[in-house]
Amino acid sequence: MNSEDYIQIEVYCQQTRTPMKFIDDLLEFEMIEVQQIENKMYVDPQYIVEIERIYRLREDLGINMEGIDTLNHMIKKVNRLEQELKQLRDRLTIYEH
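Since this is a predicted model, take the numbers as computed values, not measurements.

Draft legend 1. Layout of the pairing of strand β3 (residues 40-43). Bridge analysis of strand β1 (residues 7-8) against β3 gives two bridges, and the strand direction is antiparallel. Paired with Ile 7 across the bridge in β3 is Val 43. Of the strand pairs in this sheet, strand β2 (residues 34-37) and β3 are connected by four bridges, and their pairing is antiparallel. Residue pairing in the sheet places Gln 35 in a bridge with Tyr 42 of β3. The hairpin turn running from β2 into β3, its antiparallel successor, is two residues long, and Glu 38 in that turn takes a positive phi close to 50 degrees.

If you want it as structure tokens, here you go:
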């Protein structure tokens, strides 16, 4: 595993002024995954957008971590249902012609 492919969490927190406690909360609720390389924690760049989205929900809207966790589960469920609906619509178009 190469650390060049990841973003060091400590550096990210310093540059964005994100409290390390917030990252700890994300890890506690399993909202992100980290890699430990040479005693330093790294995050895959794909999680940066998610970290920033969750941080805005908490800081701007005042939603606690439990609420954000619930929202994340609901969003995933809605996305699955939308995908299933699309698949069913695609199957129905076969019979319409």
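There is more to say, and it comes next.
Draft legend 2. Seen up close, unusual backbone geometry. Although it is not a glycine, Arg 17 sits at a positive phi angle of roughly 60 degrees. Along the chain, the position of Arg 17 falls in the loop between α1 (9-16) and α2 (20-28). Although it is not a glycine, Asn 39 adopts a positive phi angle of roughly 65 degrees. Within the element layout of this structure, Asn 39 appears in the loop between β2 and β3.

Draft legend 3. Inspection of a nonpolar patch on the surface at higher detail. There is a patch of nonpolar side chains on the surface, built from Leu 71, Met 74 and Ile 75 and spanning about 260 Å² of accessible area. Position of Ile 75 among the secondary structure elements: in helix α4 (residues 65-96).

Draft legend 4. Geometry of the side chain of Thr 18. By the element assignment, Thr 18 lies in the loop between α1 and α2. In this structure the side chain of Thr 18 is engaged in a polar contact, spanning 2.7 Å, whose partner is the side chain of Thr 16. Not counting chain neighbours up to four residues away, the residues in contact with Thr 18 comprise Tyr 12, Cys 13 and Tyr 55.

Draft legend 5. Main features of the sheet that holds β2. Strand order in the open sheet formed by three strands is β1-β3-β2, with antiparallel pairing between adjacent strands. Each edge of the open sheet is held by one strand with a lone partner, namely β1 and β2.

Draft legend 6. Geometry of helix α3 (residues 46-61). With 16 residues, α3 ought to run about 22 Å at 1.5 Å a step, and its terminal C-alpha atoms sit 23 Å apart, in line with that. Taken together, the buried positions of α3 are Tyr 47, Ile 48, Ile 51, Ile 54 and Leu 57. Directly after α3, the chain includes Gly 62, whose backbone phi takes a positive value near 70 degrees.

Reading guide: rules and limits
Residues numbered from 1 in each chain as written. Predicted model: local features only at pLDDT ≥ 70, side-chain atom pairs only at ≥ 80, totals over all residues. Heavy atoms only, no water. Pairing = 2+ DSSP bridges. Helix = DSSP H or I, 4+ residues; strand = E, 2+ residues; numbered from the N terminus. Patch = residues over 30% accessible without salt bridge, like charges linked within 9 Å, V, L, I, M, F, W, Y side chains within 5 Å. Areas by Shrake-Rupley, 256 points an atom, 1.4 Å probe, with all protein chains shown as cover. Salt bridge = Lys/Arg side-chain N within 4 Å of Asp/Glu carboxyl O. Polar contact = N/O pair within 3.5 Å; in protein donor to acceptor, adjacent residues only side chain to side chain. Contact = heavy atoms within 4.5 Å. Expected span 1.5 Å × (residues − 1). Buried < 20%, exposed > 50% of the residue type's maximum accessible area, 1.4 Å probe, protein only.

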